[in-house]
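Commentary on secondary and tertiary structure
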Amino acid sequence: MDVTTKALVLRATDYKENDKFVLLYSLEYGKITVHAKGIRKANAKLKFAADQFCFGQYELAKVDDRFTLKTCDQLESFYSLREDVVVYYSACTIAECLANYTEEGQSEPNVFVETLKALQALTNGIEPLSVALRFLLAFMEMQGFKLQLNGCLECGKSSKKLYLDLQRGGMLCETCRNPDSSPVSPRVLAACQMLDGMPYDKLQNLNFTVEMLKDALELCYKYVSHSFFPLKSLSELVKLA
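Reading the values: the criteria
Residues numbered from 1 in each chain as written. Predicted model: local features only at pLDDT ≥ 70, side-chain atom pairs only at ≥ 80, totals over all residues. Heavy atoms only, no water. Pairing = 2+ DSSP bridges. Helix = DSSP H or I, 4+ residues; strand = E, 2+ residues; numbered from the N terminus. Phe/Tyr/Trp six-rings, centres within 6.5 Å; stacked < 30°, edge-to-face > 60°. Buried < 20%, exposed > 50% of the residue type's maximum accessible area, 1.4 Å probe, protein only. Axes fitted to C-alpha atoms, helices over the stretch in contact; angles between N-to-C directions. Core = buried A, V, L, I, M, F, W, Y, C linked by side-chain atoms within 4.5 Å. Contact = heavy atoms within 4.5 Å. Salt bridge = Lys/Arg side-chain N within 4 Å of Asp/Glu carboxyl O.

**A word on the pairing of strand β5 (residues 66-76)**
Pairing of strand β3 (residues 30-36) with β5, which is carried by 2 bridges, proceeds in the parallel orientation. Across the sheet, Val34 pairs through a bridge with Phe67, a residue of β5. One ladder, built from 9 bridges, connects strand β4 (residues 55-63) with β5; its direction is antiparallel. Along β5, the bridge assignment pairs Phe55 with Glu76.

Following this line, the structure appears as structure tokens:
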């Protein structure tokens, strides 16, 4: 059976002499692995279809749960994401979230749309750390492990001093905190609260320092690493920015 789907390339790995396995994130099927036969040959016409961040209309042959690439009509290459190292690692952080934290074969249109909006914001020159942070906050919520930022999870009170509780996924005040909680800067917390849910095209109106955004991304990194496993791209992004 042949199927057609809009999809984004998350990554590709070499297979045998001339093939690749391409990990796609598609609108209709979610995360799927596609066998691209002969795509590594020098004269392969579909070589672009395995490029990271290629977004296109993919025609696939489907047998049971296995997909094989037939054709691809490229809709957007997102080539400019590769021209700046910070932009690139911001995009890689987004792709790694989908590769690591979504289920194979599970369609999530809201995640698909959010991803394209974030990548488009990066190509439009929006501050890459802001885009990565905005996406992470939205993605965590869509996947059911939202980072709770508003007040103490225990007593509900707002406080100038709040602490991140990784086990509970949010903030605790000084009275309710436990020994393992780590302090969160009020400025970092305010940045996360402001960015959460903000349209991507409005991010350019914000005036956060690079250090503040890095601290906020490290906050997300701690939480994601505790809940699942570390995002290597996010770790590199914070180092490079």
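That shown, we press on.
**Overview of the packing of aromatic side chains**
Taken as a whole, this structure holds 12 aromatic pairs when the rule is applied. Seen from their ring centres, Tyr101 and Phe139 are 6.5 Å apart, and the 35° between their planes marks the pair as tilted. Of this pair, Tyr101 sits in helix α1 (residues 85-101) while Phe139 is found in helix α3 (residues 128-142), placing the two residues 38 residues apart along the sequence. Judged on exposure class, the residue Tyr101 and its partner Phe139 are both buried. Centre to centre, the rings of Phe135 and Phe139 are 5.6 Å apart; their planes meet at 20°, and the pair counts as stacked. Of this pair, Phe135 and Phe139 both sit in helix α3, separated by 4 residues, roughly a single helical turn. Taking relative accessible area as the criterion, Phe139 reaches 1% and is therefore assigned buried.

**Regarding the sheet that holds strand β8 (residues 182-184)**
Sheet architecture is open: 3 strands sit in the order β7-β6-β8, paired in antiparallel fashion. Of all strands in the sheet, those with a lone pairing partner are β7 (170-173) and β8, marking the two edges. Averaged over all adjacent pairs, the angle separating strand axes in this sheet is 50°, with direction ignored. Pairing of strand β6 (residues 162-165) with β8, which is carried by 3 bridges, proceeds in the antiparallel orientation. Paired with Leu162 across the bridge in β8 is Val184.

**With respect to the nonpolar core**
Membership of the largest hydrophobic core comes to 67 residues, with the highest contact counts inside it found for Leu119, Leu133 and Leu217. No other element matches α1, which puts 10 residues into this core. Contacts of Leu119, omitting those with residues within four sequence positions, involve Leu8, Phe53, Phe78, Leu81, Ala91 and Ile94. Among the nonpolar cores identified, the runner-up in size contains 17 residues, and Val9, Val34, Ala36 and Ala49 belong to it.

**As for the pattern of salt bridges**
In total, this model carries 9 salt bridges according to the counting rule given. The partner of Lys70 in a salt bridge is Asp2, with the nearest N and O atoms 2.7 Å apart. One end of the pair, Lys70, is in strand β5; the other, Asp2, is in strand β1 (residues 2-15), with 68 residues separating them in the sequence. Taking relative accessible area as the criterion, Lys70 reaches 38% and is therefore assigned partly exposed. For Asp2, a relative accessible area of 43% gives the class partly exposed. When the shortest N-O distance is used, the salt bridge between Glu236 and Lys239 registers 3.6 Å. Note that Glu236 and Lys239 are positioned in helix α6 (residues 232-240) at a spacing of 3 residues, about one turn of the helix. A residue is classified by how much of its surface remains accessible, and Glu236, at 31% relative accessible area, is partly exposed. For Lys239, a relative accessible area of 59% puts it in the exposed group. A network of salt bridges, in which partner residues are shared, links Asp14, Lys20 and Arg40.

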